[in-house]
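A closer look at the structure
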Amino acid sequence: MSNETTDGRVLARRNDERVLKALHKYGWLRARDLAALIWMRTGKRARDALRLETVQVDPPSRRMAQRTLARLRMSKKVLNMRAPDGSQIYGLAEAGVRSLADMGIAAKSGKDQIRRVSLSHYHHRRLTNEVAVLGAMLGYRVSTEAEIAAGRWFGGLDGIHGKRPDVALRDGKGVWLVEVERSRRNARDYQKLLNWLLSLWPVGRRAEPLPSGYELRQVVIVGSDAFMRKLKNDMVRLGWTEQQAHQRLLHLSLLYMDEAKLIRTVKRNA
């Protein structure tokens, strides 16, 4: 057997492992998400100012993701299904779970996660995964929505002041908590958001400490301009200054959740 063949098999096995680990961490992903996460890391160091920008997946990275997923499907290590927008989403199959167990990683099958995806839940998880992937590409340590829901992050099942964010990004001890907002949030949930922000930064006092000695940098709001304007105005009404609202809340503007794409490909439903 040639060295080239051996090297190819080693690389294929390494790619398989990286994809299985990503599916465990994120719950489920599309080929484009995996292409960006695994084959398009920018190598940029995380800095104090968080900047998340849309990524265009290049064809070679997309082909590597598709090739790896095809191999994992053949070995029955991943499951796939068509999402509400026509995309193929991939999760762990039992054989994939066993492969991770051999690596010392306790995982669960993604069967229920990918087969119970409603339209609204799909777009919410898709966007939280996209934000997490963008953060990982920039060098941040990421806690995904799937990990946070399972308590596999520094906030545990109790969350931060009684609430679990959608995503958490870390750079050293600095933390950014991410909330993906639907176009319409009912009054009760909106009030909970206001109360949570006040618990993080009480009026006239320093920011409350986070678990494990982490320091909160900002809360990132992914949503419409109108929602962000209302949120900032309400926080000022409740006692923050305009400068505090500007410094503490970072906005990633998205008008329509079901159309917004932070990770894009040339072809539509990759």
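So, a few notes on the structure that sits alongside this text. (Residues numbered from 1 in each chain as written. Predicted model: local features only at pLDDT ≥ 70, side-chain atom pairs only at ≥ 80, totals over all residues. Heavy atoms only, no water.)

This paragraph deals with the environment of serine 224. Looking at where serine 224 falls in the secondary structure, it is placed in the loop between strand E8 (215–223) and helix H9 (225–237). Overall, the relative accessible area of 14% leaves serine 224 in the buried class. Along the chain, serine 224 and tyrosine 90 lie 134 residues apart, while their C-alpha atoms are 29 Å from each other. Engagement of the side chain of serine 224 in a polar contact is seen with the backbone nitrogen of phenylalanine 227, the distance being 3.1 Å. (Helix = DSSP H or I, 4+ residues; strand = E, 2+ residues; numbered from the N terminus. Buried < 20%, exposed > 50% of the residue type's maximum accessible area, 1.4 Å probe, protein only. Polar contact = N/O pair within 3.5 Å; in protein donor to acceptor, adjacent residues only side chain to side chain.)

It is worth spelling out the sheet that holds strand E7 (residues 174–180) at this point. Taken together, the five strands give an open sheet; going across it, the order is E5-E6-E7-E8-E9, and neighbouring strands pair in mixed fashion. Every interior strand has two partners, whereas the edge strands, strand E5 (141–143) and strand E9 (249–253), have only one. On average, each strand axis in the sheet is inclined to that of its neighbour by 25°, with strand direction left out of account. Alignment of E8 against E9, held across five bridges, turns out to be parallel. Following the sheet pairing, isoleucine 221 is matched in E9 by histidine 251. Along the sheet, helix H6 (residues 119–137) contacts E5, strand E6 (167–171), E7, E8 and E9; its crossing angle with E7, the most-contacted strand, is approximately 155°. Of the strands in this sheet, E8 and E9 touch H9, which is tilted by about 165° from E9. (Pairing = 2+ DSSP bridges. Axes fitted to C-alpha atoms, helices over the stretch in contact; angles between N-to-C directions. Contact = heavy atoms within 4.5 Å.)

The sheet contact formed by strand E3 (residues 78–82) and strand E4 (residues 88–92) spans five bridges and is antiparallel. Looking across to E4, one finds that leucine 79 is bridged to glycine 91. Between E3 and the antiparallel strand that follows it, E4, lie five residues; glycine 86 among them carries a positive phi value of about 95°.

Taken as a whole, this structure holds six aromatic pairs when the rule is applied. A ring pair is formed by tryptophan 28 and tyrosine 122, whose centres lie 5.4 Å apart and whose planes are at 10°; its orientation type is stacked. Separated by 94 residues along the polypeptide, tryptophan 28 in the loop between helix H1 (3–26) and strand E1 (29–30) and tyrosine 122 in helix H6 bring together distant segments of the chain. Tyrosine 122 gets classed as buried once you look at its relative accessible area, which sits at 0%. Judged by centre distance (4.8 Å) and plane angle (55°), the ring pair of tryptophan 153 and phenylalanine 154 falls under tilted. In this structure an aromatic cluster arises from ring pairing among Trp153, Phe154 and Tyr214. Lysine 163 extends its terminal NZ or CZ atom over the ring of tryptophan 196, reaching a point 5.4 Å from the ring centre. The ring of tryptophan 240 has arginine 248 lying over it, and the distance from NZ or CZ to the ring centre is 4.8 Å. (Phe/Tyr/Trp six-rings, centres within 6.5 Å; stacked < 30°, edge-to-face > 60°. Lys NZ or Arg CZ within 6 Å of the ring centre and 35° of its normal.)

This brings us to the side chain of arginine 125. With respect to the secondary-structure elements, arginine 125 resides in helix H6. Excluding anything up to four places from it in sequence, arginine 125 contacts Tyr26, Gly27, Trp28, Gln113, Glu145 and Ala146.

This paragraph deals with the sheet that holds E3. Read from one edge to the other, the open sheet built from three strands follows the order E1-E4-E3, with strand pairing classed as antiparallel. Bordering the open sheet on either side are E1 and E3, each of which pairs with just one other strand. Those strands touched by helix H3 (residues 59–74) are E3 and E4, and its axis lies near 110° from that of E3.

In contact at an axis separation of 8 Å, helix H2 (residues 31–39) and H3 are set at 110° when each is read in the N-to-C sense. Taken together, the axes of H2 and H3 are roughly perpendicular relative to one another. In this structure, the crossing between H2 and H3 has a hand that is right-handed. Along its contact with H2, which presents Ala31, Leu34, Ala35 and Trp39, the element H3 presents Ser61, Arg62, Met64, Ala65, Gln66, Thr68 and Leu69. Residues that form the contact of H2 with H3 fall into these classes: seven nonpolar, three polar and one charged. (Parallel < 35°, antiparallel > 145°, perpendicular 65-115°, else oblique. Left-handed = near helix turned anticlockwise from the far one by under 90°. Nonpolar A, V, L, I, M, F, W, Y, C, P; charged D, E, K, R; others polar.)

Spanning 19 residues, H6 covers 27 Å between terminal C-alpha atoms, matching the ideal 27 Å at 1.5 Å per step. Of all 19 residues making up H6, 16 are buried, and the element is well covered by its neighbours. Once H6 finishes, glycine 139 follows within two positions and takes phi at roughly 100°, a positive value. (Expected span 1.5 Å × (residues − 1).)

Attention shifts here to H9. In this model, H9 (13 residues) spans 18 Å end to end at C-alpha, consistent with the 18 Å of a helix rising 1.5 Å per residue. Taken together, the buried positions of H9 are occupied by Phe227, Met228, Leu231, Asp234 and Met235. The buried residues of H9 occupy an angular sector of 135° when the element is viewed end-on, so they sit on one face. The exposed set on the far side of H9, more than 90 degrees from its buried face, consists of Arg229, Asn233 and Arg237. For H9, the secondary structure elements touched by its buried residues are helix H8 (187–200), E8 and E9. (Arc of directions from axis to C-beta.)

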